[in-house]
Amino acid sequence: TTTTTTTNPTIWGLKAFVDELPVLPVLTPASSTQLGGDEYVVAMQETTTQIHSSLPPTVVWTYGGQVLPVIEAWRNRPTTIHFHNDLRDISLPHAPLRSTHFLTVDTSLDGTLATGSTPITVPHLHGGNTPASSDGHPDYAFKPGENRTFVYPNDQSAALLWIHDHAMGLTRLNVYMGLAAVYVLRDESEASFGLPTNEHELVLVLQDRTLSTDGSGDLSYPSAWQPTFRGKLTLVNGKALPFKTVQRALYRLRILNGANAKHFSLTLGTQDGASIRELPMSLIGRDQGLLERPVSMQTIDIAPGQRMDILVNFGNLSLSQSDAAVHLYSQGTPVCRFVVASAPASVVSGVVPRIPVLLRAFQPLALTANTTTTRVFPLLKL
């Protein structure tokens, strides 16, 4: 339900656009060497966060004690991460290691038949060209108090990847609790295009959550496995209905769908009476990096686990619109507000980012004359 009688409408029973969009924290390597790459120590930890300023704190699980941390890496420079399952029950004195999951576990599933409700975890670099030993196989999950070291060679093109839990029988619950991180892989080729950087490059992680009806602020999830579950709230960078002040400039929005099952159909636009005046978006990249050339889009559909890389020019708005509000809509409901400053953005070093005409070149796969085998793979929904 959406009430739009004021500049801060009520959506899902919450006053919208009163909390600032979090800038996701970038993790600092524990050590770095020119030849050995970057090394991190990351603990999986239980903490609390405030999804909305009017709601009580919500217990979540994190990588490194921070909601949706970012790891930045460079092509062909290895990243080593020492993961420690340090999930503790912070509701108990001295916060002992957890022996049971925060959410109810369906122990009839493969994986949990053997481990029960123990919160086993194993991280997986989604989209990464990763050796088997560091790929986060679901059966290689480890218990609270245990450690694993993964090495990511980063021998692939620049792209927005992400780390999420992958434990057999528990992936949906662990990811829902918050075990997700952003992995930004860069390379010199991408840097040569002069795309927006720093404060003009925003990572937006979309997630869905439902809170318990008892007013505790706790997350709620079905106790028995079901094929799909869609939360009532849409979070952007861990916040419900946030706002972000932006300059009149070109921005790079790097969007990740971190939901378990929910698809998002996204548009950017301004409210024009009862209708939405859409703002053009240029799609420049997807899951495995940059496209060959930008594609102009009005709506972008993004499935769970997918990433979309878009350019948006907030400077195209009429300068007569003081502090214009541009909204990110999902299926017609605003989920984030961008407050566009009235003054034009200042130019740094005389360089104004522009939408490139061409990006990276691709060598298409060619069918050879001796291609004779046709295989059919039926996809069945359980």
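The preceding data block contains the structure.
Residues numbered from 1 in each chain as written. Predicted model: local features only at pLDDT ≥ 70, side-chain atom pairs only at ≥ 80, totals over all residues. Heavy atoms only, no water.

The subject of this paragraph is the packing of aromatic side chains. Tallying each qualifying case throughout the model produces eight aromatic pairs. Ring plane angle 85 degrees and centroid distance 6.0 Å describe the contact between Y152 and Y183, whose orientation is recorded as edge-to-face. With Y152 in strand β11 (residues 147–152) and Y183 in strand β13 (residues 180–186), this pair connects stretches of sequence that are 31 residues apart. Residue Y152 is classed as buried on the basis of its relative accessible area of 1%. Judged by its relative accessible area of 0%, Y183 falls in the buried class. Here Y251 and F314 contribute two aromatic rings whose centre-to-centre distance is 5.4 Å and whose plane-to-plane angle is 75 degrees, an arrangement assigned as edge-to-face. Here Y251 is found in strand β18 (residues 250–257), whereas its partner F314 is found in the loop between β24 (307–313) and β25 (324–330), with 63 residues between them in sequence. Of the two residues, Y251 and F314, neither departs from the other in class, the shared state being buried. Grouping aromatic residues by their ring pairs yields a cluster made of Y63, F83 and F150. Positioned above the aromatic ring of Y176 is the side chain of R209, whose terminal nitrogen or guanidinium carbon lies 4.8 Å from the ring centre. (Phe/Tyr/Trp six-rings, centres within 6.5 Å; stacked < 30°, edge-to-face > 60°. Helix = DSSP H or I, 4+ residues; strand = E, 2+ residues; numbered from the N terminus. Buried < 20%, exposed > 50% of the residue type's maximum accessible area, 1.4 Å probe, protein only. Lys NZ or Arg CZ within 6 Å of the ring centre and 35° of its normal.)

What follows deals with the sheet that holds β18. Judged by pairing direction, the sheet is mixed, and its seven strands sit side by side in the order β16-β15-β14-β18-β24-β21-β22 without closing on themselves. Only two strands of the sheet have a single neighbouring strand rather than two, namely β16 (239–240) and β22 (289–297). Direction of pairing for strand β14 (residues 201–209) relative to β18: parallel, over a ladder of six bridges. Bridging across to β18, V205 finds its partner in L256. (Pairing = 2+ DSSP bridges.)

With that settled, the discussion passes to the pattern of salt bridges. With the rule as written, the count across this model stands at 15 salt bridges. The shortest N-O distance in the salt bridge between E201 and R186 comes to 3.1 Å. Residue E201 is located in strand β14, and its partner R186 is located in strand β13; the two are separated by 15 residues in the primary sequence. Each of the two residues, E201 as well as R186, counts as buried. The partner of R254 in a salt bridge is E190, with the nearest N and O atoms 3.9 Å apart. With R254 in strand β18 and E190 in helix α3 (residues 188–191), this residue pair connects regions lying 64 residues apart in the sequence. Just as R254 is buried, E190 falls in that class too. The network of salt bridges with common partners includes E72, R186, E190, E201, R252, R254 and D309. (Salt bridge = Lys/Arg side-chain N within 4 Å of Asp/Glu carboxyl O.)

On to the sheet that holds strand β12 (residues 159–165), then. Read across the open sheet, the four strands follow the order β8-β13-β12-β10; overall the sheet is mixed. Looking along the sheet, the strands with just one partner apiece sit at the ends: β8 (70–74) and β10 (123–126). Mean inter-strand twist for the sheet, computed between neighbouring axes without regard to direction, equals 25 degrees. Sheet topology places β12 next to β13; six bridges connect them, and they run antiparallel. From the neighbouring strand, W162 faces β13, where its bridge partner is V182. (Axes fitted to C-alpha atoms, helices over the stretch in contact; angles between N-to-C directions.)

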